[in-house]
Amino acid sequence: MTDPVGDAVNTIHDKLDTSGWFNTVSNDETHDVVNTLTALPADQADQVVDRLAQSGDLDRVAHEVMDGDWFGNGGLSGDERRAFFADMAGKLDGDSLAALSDAFAGADNGGFDPVTELGQAVATHGSSQAKVDYIAAMKGGVDDATQAHYGLGYSSSQMQDAEATAVGDVLGSLRGSYAQLGFEAIGDKLPDVLTSATDGQLMTIASQAGASNSISWNADSFEAIMGAAASTYDPDLKAQVFDAGVQTLRAVRDTDSVLGGLTVVGKDETLRQMTDGLTAIIDSDTTGVMRELTYNQQTMDGSSFAAYAKEMLNQGREQELGQQMGRLQVGNYATENPVDYLNQVETVVGTDQERRANAGALGYFVGGVYAATTARSADVAEQRETVTAILKSALTVVDKVASLGGPTGRVVAGGAAVGKEWMQIAVKNAIADEGAAAGIRLERGALPVNGQTGELGVGDAVASAFEDRLASVTRTAQP
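The structure presented is a predicted model; accordingly, all values stated were derived computationally and were not measured. Starting afresh in each chain, residues are numbered from 1 along the sequence in its written order. At least 70 in pLDDT is required for a residue's local features to be given in this predicted model, at least 80 for side-chain atom pairs to be given and counted, and no such filter applies to totals for whole chains, interfaces and linings, which use all residues. Note that the side-chain values use all heavy atoms of the structure and ignore hydrogens as well as water.

Asker: I'm lost on the overall build of the protein chain in this one. Help?
Answerer: The secondary structure listing takes helices from DSSP runs of H or I that are at least 4 residues long and strands from runs of E that are at least 2 residues long, numbered from the N terminus. Each helix and strand counted, the protein chain has 23 helices and seven strands in total. Oriented by its inertia axes, the alpha-carbon framework of the protein chain measures out at about 100 × 70 × 40 Å. Categorising residues by exposure relies on relative accessible area from a 1.4 Å probe, with only protein chains included: less than 20% of the type maximum marks a residue as buried, more than 50% marks it as exposed, and the intermediate range marks it as partly exposed. Taking all 479 residues of the protein chain together, 51% fall into the buried category. When checking whether two residues touch, look at their non-hydrogen atoms; a contact exists if any pair is within 4.5 Å. Excluding contacts between residues fewer than 6 apart, the proportion of contacts in the protein chain whose partners are at least 24 apart in sequence is 72%. Taking the 32 positively charged and 68 negatively charged side chains of the protein chain as two groups, their mean positions are separated by 11 Å. Counting rule for charge: Lys and Arg are taken as positive, Asp and Glu as negative, and neither His nor the chain ends is counted. Throughout, a charge is located at the NZ atom of Lys, the CZ atom of Arg, the CG atom of Asp or the CD atom of Glu.

Pasting the structure below:
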């Protein structure tokens, strides 16, 4: 009876044999080892890698693949190594992929490059379940380490940890329920992953005139991770990832050029890309994410959202903020009667107490945007222009209520027409009141106004829920 797994393990062990005088592993033998592994079907390849890991031979495989010494006849080329990783990524389970990564992390001439190359291969070729299991298995090795490089007249620090970078690439490739599982698997190590996902590069160049320092970033992986979060169905998870993402954005935002000391390169482009990713999360479920940000203890002070809103304003994206405000008034799909929607009651989990979360989330948003507006500029005229742009954009969302086609749309229209009109009145009045302070105009444009009486079109409970969150965020938010 044949044993292809045992035969492959024995073949690889024999090819790695270095007993005797001057018996190094040749380049041909290294290729034979790799070819033996890649020739196996997935289930057998996984078993072979597991057995090689148990015997210690997997570490030797990694060493020989990475061998750059002349005496060892050299290992694989970069292209050959990446082809090997691609094959293994499509065959191995998550635990075996993590074991292979650990072997290359510890190999001579190993470390950052092979670990991250394998991560990219897993992101491209691995199954969704293998990716989740790989993230869980890699979590223990994730930290905030940096890579140092030196050459003639220069040195550089790469603000990336190999394992964190690899995990980030894999996490960013997941979608839907598997993305949810991926975020749960990385857990409290997400901030380290996001730090590496911005690929910070600090370069020092020495010359006769002295040393010059520059820093740059690449946020492709960060944006992909935010996209993975946006694809999930849990607003609480989205809010947590959003919060972690904003903290990473702050680190980039607060890095400034120093005369004679540090030159910042490509910061605006990086911040825009990071903000795109954060916006994708909020836009994927504006009402749900904002409710979670409003009532989660970690984010209820409004600082994370206000920092995001400030960056949106810096980039001239008032229109997008206004659309988010409009969704908080009439629902994600502009189908809700705002009077009823803001009065919706939910029971606080674990208690018999009630809250009007939609009204609270709208107050939280208004407070955060106002804090961002004043933090960005003390110029009253500029603040008013900012608010006008936001309110006009919110109005375009409100205007969509009761305008949906088809039978279903007409039913919605019949129930929402009055509420829509009252919300339109509030927003239009706030837009027209150009002389009022920015915060007052935002507040007045938030809640519906009865067109016949000129009074608020909601009761005390809604007004109180809105105003409580507004006042709290206005007081505590640190953009």
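Asker: Explanation requested: the pattern of salt bridges in the structure shown.
Answerer: Here the idea is simple: oppositely charged side chains can pair when their charged atoms come close. Take a side-chain nitrogen of Lys or Arg and a carboxyl oxygen of Asp or Glu: if they are within 4 Å of each other, that pair is a salt bridge. Under the definition given, this model contains 14 salt bridges. One salt bridge in this structure joins E382 and R376, with 3.2 Å as the shortest N-O distance.

Asker: Hey, could you run me through helix α9 (residues 162–172) in this one?
Answerer: Structurally, the α-helix is built with 3.6 residues per turn, so residues lying three or four positions apart point the same way. The element α9 is largely enclosed, with a buried count of 10 among its 11 residues. Of all the positions in α9, only A162, E163, A164, T165, A166, V167, G168, V170, L171 and G172 are classed as buried. A 3.5 Å cut-off defines polar contacts: any pair of N or O atoms within that distance qualifies, except that in protein one atom must be a possible hydrogen donor and the other a possible acceptor, and neighbouring residues in sequence count only when both atoms are side-chain atoms. Capping of α9 at its N-terminal end is provided by D161; its side-chain oxygen lies 3.4 Å from the backbone amide nitrogen of E163.

Asker: Any chance you could explain the nonpolar core here in plain terms?
Answerer: Throughout this description, the term nonpolar core refers to a set of buried Ala, Val, Leu, Ile, Met, Phe, Trp, Tyr and Cys residues connected via side-chain atoms within 4.5 Å. Formed by 129 residues in total, the largest nonpolar core has its most connected members in F305 and M325. Among the elements that make up this core, the one with the highest residue count is helix α19 (residues 357–376) (nine residues). Every residue in contact with M325, bar those within four places of it in the chain, is listed here: L362, F365, V366, I390, L391, A394, L442, G445 and A446.

Asker: Teacher, can you tell me more about the packing of helix α13 (residues 235–253) against helix α14 (residues 267–284) here?
Answerer: A pair of packed helices is captured by two measures, namely the crossing angle of their axes and the spacing between those axes. The axes are straight lines fitted to the C-alpha atoms, using for helices just the contacting stretch, and the angles between their N-to-C directions are given from 0 to 180°. At a closest axis distance of 10 Å, the pairing of α13 and α14 adopts a crossing angle of 170 degrees. Our classification of the angle between α13 and α14 gives roughly antiparallel. Handedness of the α13/α14 crossing: left-handed. Counting all contacts with α13, which are made through K238, V241, F242, G245, V246, T248, L249, V252 and R253, the residues of α14 involved are K267, T270, L271, M274, T275, L278, I281, I282 and S284. When the residues that make up the contact of α13 with α14 are grouped by side-chain class, the tally is 10 nonpolar, five polar and three charged. Angle categories: roughly parallel below 35 degrees, roughly antiparallel above 145, roughly perpendicular from 65 to 115, and oblique for all the rest. For any helix crossing, the convention is left-handed if the near helix is rotated counterclockwise from the far helix by under a right angle, and right-handed if that rotation is clockwise. Three residue categories are used. Nonpolar comprises Ala, Val, Leu, Ile, Met, Phe, Trp, Tyr, Cys and Pro, charged comprises Asp, Glu, Lys and Arg, and polar comprises the others, including Gly.

Asker: What's the story with the packing of α9 against helix α12 (residues 220–230) in this structure? I'm lost.
Answerer: Where α9 contacts α12, the axes come no closer than 8 Å and their chain directions differ by 45 degrees. Considered as vectors, α9 and α12 are oriented oblique to each other. Handedness of the crossing formed by α9 with α12: left-handed. In this structure, α9 contributes G168, D169, L171 and G172 to the contact, and α12 contributes S221, A224, I225 and A228. A breakdown of the residues in the contact of α9 with α12 according to their chemical character gives four nonpolar, three polar and one charged.

Asker: In this structure, what is going on with the layout of surface pockets? I would like to understand it.
Answerer: Any empty space left between the atoms is revealed when a probe the size of a water molecule rolls over them. A cavity here means a set of points on a 1 Å grid, drawn over the protein atoms and nothing else, where a 1.4 Å probe fits but cannot get out; a pocket is an open set with protein on both sides within 12 Å along at least five of seven lines, and a residue lines either one if it has an atom within 4 Å of a point. Grid points are joined across faces, edges and corners, and a volume is the space filled by probe spheres set on the points. The volume enclosed by the largest pocket comes to roughly 290 Å³. L190, Q240, V241, A244 and Q298 are the residues nearest the centre of the largest pocket, which is lined by 16 residues in total. At seven residues, the largest contribution of residues to the lining of the largest pocket is made by α13. Of the residues assigned to the lining of the largest pocket, the class counts are seven nonpolar, six polar and three charged.

Asker: I would appreciate a short explanation of empty space enclosed by the protein in the present structure.
Answerer: Throughout the structure, instances matching the rule amount to one cavity of 30 Å³ or more. Here the largest cavity is characterised by a volume of approximately 30 Å³. Every residue lining the largest cavity is listed: L16, V25, E29, T30, V33, V61, E64 and V65. Elements that contribute at least two residues to the lining of the largest cavity include exactly α2 (27–38) and α4 (57–66). Among the residues making up the lining of the largest cavity, the classes are represented as five nonpolar, one polar and two charged.

Asker: What is the right way to read unusual backbone geometry from this model?
Answerer: Excluding glycine, residues mostly have negative phi values, and the peptide bonds linking residues are mostly trans. A positive phi angle, close to 65 degrees, is found at N109, a residue other than glycine. With respect to the secondary-structure elements, N109 resides in the loop between α6 (94–105) and α7 (112–125).

Asker: It is not clear to me how the side chain of Q160 should be interpreted in this structure. Could you clarify?
Answerer: Here Q160 is to be found in the loop between β2 (154–159) and α9. For Q160, a relative accessible area of 6% puts it in the buried group. There is a polar contact of 3.3 Å between the side chain of Q160 and the side chain of T165. Here the side chain of Q160 touches S196 through a polar contact of 3.3 Å, landing on its backbone oxygen.

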